[in-house]
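Letter by letter, the chains look like this.
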Amino acid sequence: MRIGIDDTDSPRGMCTTYLGAVLIRRLSRAGIAVRQARLVRLNPNVPWKTRGNAAVCIEAAGSPREAFRLACSTVEEYADLAHEHTHPGVVVSDEELPSGFYQRAVQGFCTLPEALEIIGNAGALSKGYKKKMGLIGATAAVSSYFDDATYEILAYRDRSCWGTPRLVERESLFAADLHTYPHTWDTVDRENGVVVCVPHTPDPVLFGIRGERPGWVALAREEVISERPSLEQVWITNQGTDAHLIPGISPELQEGCSYLLAGTVASVPRTFKGGHVSVLMTWGNQSLTCMAYEPTKGFREVVRALLPGDRLRVAGSYKKGSINLEKLQVLSAPEGAVCMPPVCERCGKRMTSAGTMKGYKCRRCGGRGREPETVMIPRTITPGWYEVPPTARRHLARPLCRGVREDLLSLVPAP
Ligand code: ZN
């Protein structure tokens with residue numbers, strides 16, 4: 001059977017994965033064998049999510065009724081039910097649920113009536129609390145399948161520590177990263193010199209290390225020096241897999257969905273107040289603004305180096321008429337040529353126009369020139385992939401150290 005849980009947390013605390021880790025131990029004690037612990041990230045752009053929009057799915061063997069009873073009592077004990085935006089859901093099913101529901105929940109939007117219909121059709125056990133919105137994520141978690149998966153080991157804090165500053169030795173995280181990257185990632189952000197894997201929110205997570213295999217995350221974890229965690233759990237997850245990206249081939253982009261698109265740069269990039277950078281891209285016969293916001297730090301330099309005519313693939317979420325860039329591929333960035341007035345042979349200074357059809361004139365010596373000079377614009381960007389730094393990465397975004405998804409690229413041909 002599969003046990004799905006979602007929406008137990010709030011901005012002031014809790015974490016559905018912690019609740020899942022507690023439940024896993026309770027299931028084991030009750031004689032229910034846990035086969036797999038899945039951390040399922042869903043569409044990060046749904047408006048009602050808390051933080052990362054994570055649900056959990058526990059695969060287990062035993063009595064569904066007993067598992068359901070334990071799951072509900074754990075939710076009732078730990079979920080932040082008093083918070084106005086916390087509406088937990090629990091689903092237990094010993095039947096497979098249609099995977100299309102997961103697909104839509106990670107790439108788009110699902111409704112509560114759709115979740116209830118699936119639960120009803122499968123005869124699954126379910127309980128929704130308050131507005132029951134968590135039933136959507138819980139159903140999506142139970143129906144999830146991973147074409148590609150990564151792992152995360154999460155260490156959770158003792159309850160007495162929740163809300164207090166976390167004690168994790170910074171240098172040990174940099175050492176763990178140094179010894180295991182690129183098999184683990186996003187532990188630290190070297191370029192910006194910051195720790196990424198330790199949250200600052202008041203939830204029970206102490207730190208989380210993401211990687212390609214359980215062995216790699218365990219190896220990195222061994223190096224971490226910190227306050228004593230009360231609980232640790234390795235999750236298999238769709239994090240870092242680009243499961244949220246839709247190949248952008250239909251002419252309609254939907255608000256809140258994330259896409260991989262191919263196009264041509266159509267404007268010189270602009271930097272706005274606050275350091276946000278935008279560039280216009282033509283995609284099919286429409287134009288689309290691509291944004292690199294200030295938190296994307298050095299990635300903005302990549303966007304600023306683009307010039308009209310450059311051919312790109314971009315990945316990011318579509319919000320309010322623009323693509324919020326997660327990564328981009330420069331397919332070609334040809335040197336541009338501009339015509340400039342010639343340089344005066346006597347003074348070495350660039351001449352200025354002497355007027356329409358009158359050639360050029362040196363302002364210093366009065367010398368004349370007829371032919372303009374063709375000057376190549378040097379490029380600072382070369383073809384290849386570029387991504388936002390770990391501090392700005394979305395959970396689902398596949399880091400370039402994992403390579404790119406060729407199956408997705410083949411669906412989005414170069415412009
Ligand atoms: Zn001159």
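Residues numbered from 1 in each chain as written. Predicted model: local features only at pLDDT ≥ 70, side-chain atom pairs only at ≥ 80, totals over all residues. Heavy atoms only, no water.

Draft legend 1. Just a positive patch on the surface, in detail. On the surface, Lys358, Lys361, Arg363, Arg368 and Arg370 cluster together into a positively charged patch. Summarising the element assignment, Lys361 is placed in strand E21 (residues 360-361). (Patch = residues over 30% accessible without salt bridge, like charges linked within 9 Å, V, L, I, M, F, W, Y side chains within 5 Å. Areas by Shrake-Rupley, 256 points an atom, 1.4 Å probe, with all protein chains shown as cover. Salt bridge = Lys/Arg side-chain N within 4 Å of Asp/Glu carboxyl O. Lys, Arg positive; Asp, Glu negative; His and termini not counted. Charge placed at Lys NZ, Arg CZ, Asp CG, Glu CD. Helix = DSSP H or I, 4+ residues; strand = E, 2+ residues; numbered from the N terminus.)

Draft legend 2. Fine view of the packing of aromatic side chains. All told, the structure shown has five aromatic pairs when counted by the stated rule. On the numbers, 5.7 Å between centres and 80° between planes, the contact of Tyr18 with Tyr78 is edge-to-face. One end of the pair, Tyr18, is in helix H1 (residues 16-29); the other, Tyr78, is in helix H2 (residues 64-78), and 60 residues separate them in sequence. When its relative accessible area of 6% is taken as the criterion, Tyr18 is described as buried. (Phe/Tyr/Trp six-rings, centres within 6.5 Å; stacked < 30°, edge-to-face > 60°. Buried < 20%, exposed > 50% of the residue type's maximum accessible area, 1.4 Å probe, protein only.)

Draft legend 3. Up close: the coordination of the zinc ion. Of the protein atoms, only Cys344 (SG), Cys347 (SG), Cys362 (SG) and Cys365 (SG) coordinate the zinc ion, at distances of 2.3 to 2.4 Å. Around the zinc ion, the four donor atoms sit at angles spanning 106 to 112°, and that spread fits a shape best called tetrahedral. Read in sequence order, the donor residues for the zinc ion give the motif C-x2-C-x14-C-x2-C. When its relative accessible area of 2% is taken as the criterion, Cys362 is described as buried. (Donors = N, O, S within 2.8 Å, 3.2 Å for Na, K, Ca; no water. Tetrahedral: all angles 85-135°; square planar, octahedral: opposite > 155°, others 65-115°.)

Draft legend 4. A look at the packing of H1 against H2. Viewed as axis vectors pointing N to C, H1 and H2 meet at an angle of 140°, and their least axial separation amounts to 10 Å. Relative to H2, the element H1 lies oblique. As for the relative orientation of H1 and H2, their crossing is right-handed in sense. The residues of H2 that touch H1, namely those facing Tyr18, Leu19, Val22, Leu23, Arg26 and Leu27, are Ala67, Leu70, Ala71, Thr74, Val75, Glu77 and Tyr78. Counted by class, the contact of H1 with H2 contains ten nonpolar, one polar and two charged residues. (Axes fitted to C-alpha atoms, helices over the stretch in contact; angles between N-to-C directions. Parallel < 35°, antiparallel > 145°, perpendicular 65-115°, else oblique. Left-handed = near helix turned anticlockwise from the far one by under 90°. Contact = heavy atoms within 4.5 Å. Nonpolar A, V, L, I, M, F, W, Y, C, P; charged D, E, K, R; others polar.)

Draft legend 5. Empty space enclosed by the protein, seen in detail. In the structure shown here, the tally under the stated rule is one cavity of 30 Å³ or more. What the largest cavity holds in volume is close to 60 Å³. By residue class, the composition of the lining of the largest cavity is seven nonpolar, no polar and three charged. (1 Å grid on protein atoms, 1.4 Å probe; cavity = no way out; pocket = protein on both sides within 12 Å on 5 of 7 lines; lining within 4 Å. Points joined across faces, edges and corners; volume = space filled by probe spheres on them.)

Draft legend 6. Summary view of helix H6 (residues 170-180). Within H6, the full set of buried residues consists of Ser172, Leu173, Phe174, Ala176, Asp177 and Thr180. On its buried face, H6 is in contact with strand E7 (184-185), strand E8 (188-189), strand E9 (194-195) and helix H7 (214-222).

Draft legend 7. Main features of the sheet that holds strand E22 (residues 368-369). On the basis of which strands lie adjacent, the open sheet formed by three strands has the order E20-E21-E22 and antiparallel pairing. In this open sheet, the two strands that pair with only one neighbour each are strand E20 (352-353) and E22. (Pairing = 2+ DSSP bridges.)

Draft legend 8. Inspection of the sheet that holds strand E11 (residues 231-237) at higher detail. Taken in spatial order, the nine strands of this open sheet run E5-E4-E1-E3-E2-E11-E6-E10-E7, and their pairing is mixed. Unpaired on one side and paired on the other, strand E5 (125-128) and E7 mark the two borders of the sheet. The pairing of strand E6 (residues 150-156) with E11 spans seven bridges and is classified as antiparallel. Its bridge partner being in E11, Glu152 is matched across the sheet by Trp235. Of the strands in this sheet, strand E1 (2-6), strand E2 (33-41), strand E3 (54-61), strand E4 (89-93) and E5 are in contact with helix H5 (residues 134-142), which crosses E4 at around 30°.

Draft legend 9. Fine view of the side chain of Arg210. Note that Arg210 resides in strand E10 (residues 205-211). Within polar-contact distance, the side chain of Arg210 engages the side chain of Glu152 at 3.2 Å. A polar contact is formed between the side chain of Arg210 and the side chain of His395, at a distance of 2.9 Å. In contact with Arg210, not counting residues within four places along its chain, are Arg41, Tyr151, Glu152, His183, Thr184, Trp185, Val217, Gln239 and His395. (Polar contact = N/O pair within 3.5 Å; in protein donor to acceptor, adjacent residues only side chain to side chain.)

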